[in-house]
Structure formats: structure tokens, C-alpha cells
Amino acid sequence: MLSIGCFAYFGFHSWHGAYGLNSAAALELRRVELTQRLAQLNERRQDLERKVQLMSDGVVEADMLDEQARSMLNVAREDEIVYFN
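Residues numbered from 1 in each chain as written. Predicted model: local features only at pLDDT ≥ 70, side-chain atom pairs only at ≥ 80, totals over all residues. Heavy atoms only, no water.

Participant: Mind showing me how you'd approach the overall build of the protein chain here?
Facilitator: Scanning the protein chain for helices and strands turns up three helices and zero strands. Ordering the α and β elements of the protein chain from the N terminus gives α-α-α. A buried classification covers 7% of the 85 residues belonging to the protein chain. Working note: accessible area of the protein chain is about 8,100 Å², and carbon and sulfur atoms make up 61% of it. (Helix = DSSP H or I, 4+ residues; strand = E, 2+ residues; numbered from the N terminus. Buried < 20%, exposed > 50% of the residue type's maximum accessible area, 1.4 Å probe, protein only. Areas by Shrake-Rupley, 256 points an atom, 1.4 Å probe, with all protein chains shown as cover.)

Okay, structure coming up:
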């Protein structure tokens with residue numbers, strides 16, 4: 001009788017539990033979402049590394065300096081079009 005109870009308990013939780021067979025689809029969906037988020041973060045990191053490299057090799061490029069100054073001071077000329085990220 002005890003073995004039937006244990007079998008029923010563990011059988012139920014292996015099917016319906018948090019890590020059971022029914023939750024495999026939800027875990028797969030979460031894995032896909034996290035993989036996409038990781039790709040976005042890696043792209044952002046590479047962009048930031050590129051900007052740091054442009055500013056840190058001893059000679060700051062004029063375009064990078066101009067972009068950073070305008071961004072920090074919130075300044076634009078009348079004949080310019082400004083795009084915000």
C-alpha cells in the first residue's frame with residue numbers, strides 16, 4: 001500500500017510538478033526569450049566597446065567627440081535632424 005502511494009505521489013509530480021513534463025514547453029519558451037535577450041545585450045556590449053575604443057586610443061575622433069558633446073549638452077543646430085535612441 002505504501003509503495004502504491006509513493007508511486008502515485010512521485011508519478012503525479014513528475015508529470016505536473018515545477019520541473020515535470022508539462023512544464024517543459026514553458027521552460028523552452030523561457031529559454032528562447034533569454035537567448036534573444038542575451039543576443040541583444042551582447043550587441044549592446046559590442047557597441048559600447050567600439051565607442052570606448054574610439055575614445056581611448058589616445059586620439060579622440062572628431063565625430064565621436066562632437067556626438068558625445070551634443071548628447072551631454074543637449075545641443076543641436078537649426079539645420080540638423082536629431083534622432084533619439
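Participant: Even after reading the chapter, I still don't get helix H3 (residues 62–73), so can you show me in this structure?
Facilitator: Each α-helix turn comprises 3.6 residues. Residues three or four places apart therefore point the same way. For H3, with 12 residues, the first-to-last C-alpha span of 16 Å sits near the 16 Å given by 1.5 Å per residue. Positive backbone phi, at 55°, marks asparagine 74, one or two positions downstream of H3. (Expected span 1.5 Å × (residues − 1).)

Participant: Even after reading the chapter, I still don't get the pattern of salt bridges, so can you show me in this structure?
Facilitator: Close approach of charged atoms lets side chains of opposite charge pair. According to the stated counting rule, one finds four salt bridges in the structure shown. Ionic pairing is found between arginine 31 and glutamate 28, a salt bridge with its closest N-O pair at 2.6 Å. Linking arginine 31 with glutamate 28, this pair stays in helix H2 (residues 24–56), spanning three residues, or about one helical turn. The salt bridge partner of arginine 45 is glutamate 49, with a shortest N-O separation of 2.8 Å. (Salt bridge = Lys/Arg side-chain N within 4 Å of Asp/Glu carboxyl O.)

Participant: Teacher, can you tell me more about a nonpolar patch on the surface here?
Facilitator: Where nonpolar side chains cluster on the molecular surface, the patch consists of Met72, Leu73 and Val75 and spans about 370 Å² of accessible area. Within the secondary structure, methionine 72 is located in helix H3. What makes methionine 72 exposed here is its relative accessible area of 71%. (Patch = residues over 30% accessible without salt bridge, like charges linked within 9 Å, V, L, I, M, F, W, Y side chains within 5 Å.)

Participant: Quick question: what am I supposed to make of the packing of aromatic side chains here?
Facilitator: We describe a pair of aromatic rings using the distance from one ring centre to the other and the angle between the two ring planes. Tallied over the entire structure, the rule returns one aromatic pair. Consider the rings of tyrosine 9 and phenylalanine 10, whose centres lie 5.1 Å apart with planes at 80°: the pair is edge-to-face. Residue tyrosine 9 is classed as partly exposed on the basis of its relative accessible area of 49%. (Phe/Tyr/Trp six-rings, centres within 6.5 Å; stacked < 30°, edge-to-face > 60°.)

Participant: Looking at this model, I keep getting lost on the confidence of the model for the protein chain. Mind explaining?
Facilitator: Low pLDDT marks stretches whose predicted atomic positions should not be read closely. The pLDDT averaged across the protein chain works out to 81; a share of 89% of its residues lies at or above 70. The secondary-structure element of the protein chain with the lowest mean pLDDT is H3, recorded at 75, while H2 shows the highest, at 89. (pLDDT = per-residue confidence, 0-100.)

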